[in-house]
Amino acid sequence: VNRQWLEPLLSRLADAPHALVQPTLDIIPQEHFDQYFMGARGHWRFEWNMNLIFTAPPDGGVPPDAEHLPAPMPATSGGIFAIRRDWWLKLGFYDPEMREWGGDHVEATMKVWRC
């Protein structure tokens, strides 16, 4: 985890209490823990079969002076996010009948989007 990653997430939740926010995931190669690469700017989205994928922004990138700003995403990873506890409880996360891994990202995305 890089330095000062939590403060922007908490700030966004303070500004937008019904947001579900995600950090940018940086890369540390599993063969070389001493190496570090800043994660690419992009967004999560669904393909037509509801497969979750990470892609580069359609505009080709973000100006360097805007890298720290939040960006809207059409989907979210099901386990790498922050959300206010009161909003989590109101949305009824997660469905207790969901028994398999893999539907959490669909549920999280749809509940936040619809509510």
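These figures come from a predicted structure and were not determined experimentally. (Residues numbered from 1 in each chain as written. Predicted model: local features only at pLDDT ≥ 70, side-chain atom pairs only at ≥ 80, totals over all residues. Heavy atoms only, no water.)

**Q** Would you mind going over the pairing of strand β2 (residues 43-46) in detail, with residue names and values included?
**A** Here 4 bridges tie β2 to strand β3 (residues 52-55), and the two strands are oriented antiparallel to one another. The residue bridging Trp44 from the neighbouring strand is Phe54, located in β3. (Pairing = 2+ DSSP bridges. Helix = DSSP H or I, 4+ residues; strand = E, 2+ residues; numbered from the N terminus.)

**Q** I'd like a rundown of the packing of aromatic side chains, residues and numbers included.
**A** Tallied over the full model, the rule gives 2 aromatic pairs. Taking the centre distance of 5.3 Å and the plane angle of 65° together, the rings of Trp44 and Phe54 count as edge-to-face. With a gap of 10 residues between them, Trp44 in strand β2 and Phe54 in strand β3 connect regions that are remote in the sequence. Relative accessible area serves as the criterion here: at 17%, Trp44 is assigned to the buried category. By relative accessible area, which is 40% here, Phe54 ends up partly exposed. (Phe/Tyr/Trp six-rings, centres within 6.5 Å; stacked < 30°, edge-to-face > 60°. Buried < 20%, exposed > 50% of the residue type's maximum accessible area, 1.4 Å probe, protein only.)

**Q** Describe the nonpolar core, and please don't skip the residues or the numbers.
**A** Core analysis: the biggest nonpolar cluster contains 7 residues, these being Leu20, Phe81, Ile83, Trp87, Leu91, Phe93 and Ala108. Each residue touching Leu91, except ones within four places of it in the same chain, is listed here: Ile83, Lys111, Val112 and Cys115. If you look at the next biggest cluster of nonpolar residues, it comprises 6 residues, including Leu13, Ala16, Val21 and Ala82. (Core = buried A, V, L, I, M, F, W, Y, C linked by side-chain atoms within 4.5 Å. Contact = heavy atoms within 4.5 Å.)

**Q** Tell me about the environment of Ile83, residues and numbers included.
**A** Inspection of the secondary structure assignment puts Ile83 in strand β4 (residues 82-83). Separated by 64 residues in the primary sequence, Ile83 and Ala19 have C-alpha atoms spaced 6.6 Å apart. The residues touching Ile83, leaving out its near neighbours within four places in the chain, are Leu13, Ala19, Leu20, Trp88, Leu91, Phe93 and Val112.

**Q** Describe helix α3 (residues 104-114), listing the residues and the values that go with them.
**A** What α3 keeps buried is the set Asp104, His105, Glu107, Ala108, Thr109 and Lys111. Of the surrounding elements, those touching the buried residues of α3 are β1 (20-21), β2, β3 and α2 (85-91).

**Q** Account for the side chain of Thr109, with residues named and values stated.
**A** Along the chain, Thr109 turns up in helix α3. Polar contacts involving the side chain of Thr109 include one to the main-chain amide nitrogen of Thr76, which spans 3.0 Å. Once residues within four sequence positions are removed from consideration, Thr109 is found in contact with Phe46, Pro74, Ala75 and Thr76. (Polar contact = N/O pair within 3.5 Å; in protein donor to acceptor, adjacent residues only side chain to side chain.)

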